[in-house]
Amino acid sequence: MVAVPKREVVLHVNGVERVVLIRPADVLLDVLRAQLGLTGAKPGCENGDCGACTVLLGGEPYKSCIMLAIEGVGQSITTVEGLRDAPVQRAFASCYAFQCGYCTPGFIMNVHALVQRGIPFDECEVVQWLESNICRCTSYEEIEKAVQSLSPPR
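Below is a summary of the structure that appears in this document. Quantities reported herein were computed from a predicted structural model and do not represent experimental measurements. (Residues numbered from 1 in each chain as written. Predicted model: local features only at pLDDT ≥ 70, side-chain atom pairs only at ≥ 80, totals over all residues. Heavy atoms only, no water.)

1. Overview of the overall build of the protein chain
Alright, step 1. Along the backbone of the protein chain there are five helices and five strands.
Alright, step 2. In the protein chain, the order of α-helices and β-strands from amino to carboxyl end is β-β-α-β-β-β-α-α-α-α.
Alright, step 3. Computed over C-alpha atoms, the radius of gyration of the protein chain comes to 16 Å, within 12% of the 15 Å expected from 2.2 N^0.38 for 154 residues, which places it in the range of a compact globule.
Alright, step 4. Over its C-alpha atoms, taken along the principal directions, the protein chain stretches across nearly 55 × 30 × 25 Å.
Alright, step 5. Per-residue burial for the protein chain yields a buried fraction of 44% across its 154 residues. (Helix = DSSP H or I, 4+ residues; strand = E, 2+ residues; numbered from the N terminus. Rg over C-alpha atoms; globule rule 2.2 N^0.38 Å. Buried < 20%, exposed > 50% of the residue type's maximum accessible area, 1.4 Å probe, protein only.)

2. Examining helix α5 (residues 141-148)
Alright, step 1. Within α5 the residues assigned to the buried category are I143, A146 and V147. All buried residues of α5 lie within an arc of 95 degrees about the axis, which places them on one face of the element. Those residues of α5 that are exposed and angled more than 90 degrees off the buried face are E141 and K145.
Alright, step 2. Buried-residue contacts for α5 involve α2 (87-94), α3 (104-116) and α4 (123-130). (Arc of directions from axis to C-beta. Contact = heavy atoms within 4.5 Å.)

3. Description of helix α1 (residues 28-35)
Alright, step 1. Along α1, the residues classified as buried are L28, L29, V31 and L32.
Alright, step 2. Immediately downstream of α1, the backbone of G37 shows phi near 70 degrees, a positive value.

4. Overview of the sheet that holds strand β2 (residues 16-22)
Alright, step 1. Taken in spatial order, the five strands make up an open sheet running β2-β1-β5-β3-β4, and their pairing is mixed. Single-partner strands in this sheet number two, and they are β2 and β4 (60-63). Here the strands of the sheet are splayed against their neighbours by 45 degrees on average, with no regard to which way each runs.
Alright, step 2. Sheet strands touched by α1: β1 (7-13), β2, β3 (54-57) and β5 (76-78). Its angle to β2, the strand with the most contacts, is close to 105 degrees. (Pairing = 2+ DSSP bridges. Axes fitted to C-alpha atoms, helices over the stretch in contact; angles between N-to-C directions.)

5. Examining the environment of C45
Alright, step 1. Tracing the backbone through its elements, the reader meets C45 in the loop between α1 and β3.
Alright, step 2. With 20 residues separating them along the chain, C45 and C65 place their C-alpha atoms 8.5 Å apart.

6. Describing the side chain of T79
Alright, step 1. Within the secondary structure, T79 sits in the loop between β5 and α2.
Alright, step 2. A polar contact is formed between the side chain of T79 and the side chain of N14, at a distance of 2.8 Å.
Alright, step 3. Side chain to side chain, T79 and E81 meet in a polar contact 2.7 Å long.
Alright, step 4. Those residues in contact with T79 that sit more than four places away from it in its chain are V13, N14, L32, L38, V55 and M109. (Polar contact = N/O pair within 3.5 Å; in protein donor to acceptor, adjacent residues only side chain to side chain.)

7. Some words on the pattern of salt bridges
Alright, step 1. The full count for this structure, using the stated rule, is three salt bridges.
Alright, step 2. Ionic pairing is found between D85 and R90, a salt bridge with its closest N-O pair at 3.4 Å.
Alright, step 3. Classification of R90 as partly exposed rests on a relative accessible area of 41%. (Salt bridge = Lys/Arg side-chain N within 4 Å of Asp/Glu carboxyl O.)

8. Some thoughts on the pairing of β2
Here is the key point about a regular strand: its side chains alternate between the two faces of the sheet.
Alright, step 1. Summarising the sheet, β1 and β2 pair through seven bridges and their orientation is antiparallel. Among the inter-strand pairings, R7 is bridged to a residue of β2, identified as I22.
Alright, step 2. Hairpin connection of β1 to β2: two residues between the antiparallel strands, including N14 at a positive phi of 55 degrees.

Laid out in structure tokens, this is it:
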């Protein structure tokens, strides 16, 4: 079996250019965690179903467990570490919208993208946006309350 050589690329993560060594098959989640020490995005299902690994690319949520790292080249990547006390983080804390916390960074990234649109949203939209993330240990009531508290006025 022939080893595939690694290639040096630059990823723009949380406002900083970072040089990483990747193989063509390396997924973004693994590169963020192992090479950059950004462990906020979590490995959950590792097939794109649970959303624990959600990051933003150009402001849009993506599941980093099913995205090749090379796809992040030339993109602005934001992880939960890059939010630094964003309103969505404060809303989750004040509404107790977490239990064990494992899935929370993925939810926060997804909701942050919704809020950044700057468009008012209703309860149905909140439910739709939350469908891409799974929490196994709490109800969604507190999460929905936190998200609804962030909707811009109509």
